[in-house]
Amino acid sequence: MTKNPAQKNPDQPSPDTSKPLRTVRIEAAKKQRRKLRGVEVVALAAIVVLIGGGAAVATVASVASNNKGSTENAADVAGPAAELRLGYFPNVTHAPALIGVNNGILAKNLGATALKTQLFNAGPSAIEALNAGAIDAAYLGPNPAINSFVKSGGESLRIIAGATSGGAQLVVKPEITTADQLRGKVLATPQLGGTQDVALRSWLASQNLATTPSGGGDVTINPTDNASTLKLFQEGKIDGAWLPEPWASRLVLEAGGQVLVNEAELWEQGEFATTILIVSKTFLEAHPETVDALLAGNAESLDWLNAHPAEAPGQVNAALKQAAGKELPGDVIERALSELNFSTDPLARTFPKLLADGVTAGVGKQANLSGIFELGPLNKILTKSAKTAVSASGLD
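Residues numbered from 1 in each chain as written. Predicted model: local features only at pLDDT ≥ 70, side-chain atom pairs only at ≥ 80, totals over all residues. Heavy atoms only, no water.

Summarising the element assignment, Ser249 is placed in helix α8 (residues 247-253). On the basis of relative accessibility, which here comes to 0%, the residue Ser249 falls in the buried class. Excluding residues within four positions of it along the chain, Ser249 makes contact with Glu254, Val332, Arg335 and Ala336. (Helix = DSSP H or I, 4+ residues; strand = E, 2+ residues; numbered from the N terminus. Buried < 20%, exposed > 50% of the residue type's maximum accessible area, 1.4 Å probe, protein only. Contact = heavy atoms within 4.5 Å.)

So, about the packing of helix α11 (residues 312-324) against helix α12 (residues 330-338). Packing of α11 against α12 leaves a shortest axis separation of 10 Å and a crossing angle of 110°. On the basis of their axis angle, the class for α11 and α12 is roughly perpendicular. The residues of α12 that touch α11, namely those facing Ala312, Pro313, Val316, Asn317 and Leu320, are Ile333, Glu334 and Leu337. Looking at the contact of α11 with α12, its residues break down into six nonpolar, one polar and one charged. (Axes fitted to C-alpha atoms, helices over the stretch in contact; angles between N-to-C directions. Parallel < 35°, antiparallel > 145°, perpendicular 65-115°, else oblique. Nonpolar A, V, L, I, M, F, W, Y, C, P; charged D, E, K, R; others polar.)

Looking now at the pairing of strand β6 (residues 186-189). Every other side chain in a regular strand lies on the same face of the sheet, so the side chains alternate between the two faces. Across four bridges, the pairing between β6 and strand β7 (residues 220-223) is parallel. Following the sheet pairing, Val186 is matched in β7 by Thr220. Following the chain from β6 across helix α6 (residues 195-206) to the adjacent parallel β7, one finds a crossover that is right-handed. The pairing of β6 with strand β8 (residues 240-244) spans two bridges and is parallel. Pairing of Leu187 across the sheet is with Gly240, part of β8. (Pairing = 2+ DSSP bridges. Right-handed = clockwise from strand over helix to strand, strands pointing away.)

See the structure below:
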């Protein structure tokens, strides 16, 4: 049953009838508002205290965090790095890296510093990773290193050692026997601005055949990853490619190509840098002990390759399988390794020509390369082993 609002409720006290009802209601409302304002003031004060306390905590935490970061950075600078992030390619020209990683030589020399690796197909990609801070050091070809050094005003990297020389060729269809027959043809290189890309464009220019970075000119050059290049060549969709090992050997032995140009023939004494070891300038300055350990590991890997020519094909093949998931046929690995020389000498005397070739190819600019090499740490290691020191002479 619905109650009548006017009906008296025995559970409630009787209203004070000494004042008019309206006055009573107004005064009650005022008291309620005063009560609410009091609660709001107390609550506001509490919030202020909490906010102040939180800000104080946040400030303390921030200062502690900053101090911790400063301490950790100072510790990093004072000793070896916690980890070294190394880039390299699953190519036979990177045999020092393959052996160093797969046989545990680099990790052994790095000691407590953890080795983390990343695979690349070509130098420009590795340089992008280095400049972005994704890796600390890399095995790659000289031209991407030159380009990065020049573009950064000398701040991006240092070349700290050599690794491999030789092992790059222009392989074409059997019916192509002269440079002039390349006019109107399509060739491939691993990546625009890479060492083989520069070598091909420069050589074509010496044969009066023009190219452009965008693919125009007398000869079309399509930058293509190496595995795709082999497939395209087998299918007859390209006419040839300037490639490092083992891909040059694969085009010859697996796809019926023939060598039109062996790059060794274009250099004095047949020596040209194919793979060098670089490190970011920042990492070198922060962790010289770690760089020394990396250099020692590189030197040991090179010594192993030069001391074990009979075992090298099998060991490099095993490392390729570990890195890329597939071994090479025996004749391919044998031919590829026969084209290579392994040395800590980065062949600094060849870099002025490499720079000039990049300018000719349209993917580089003239510059002063003074400071691109930091060979002091390497020479300390070589001296301890009673080996001949390497030099950056001839760079000018």
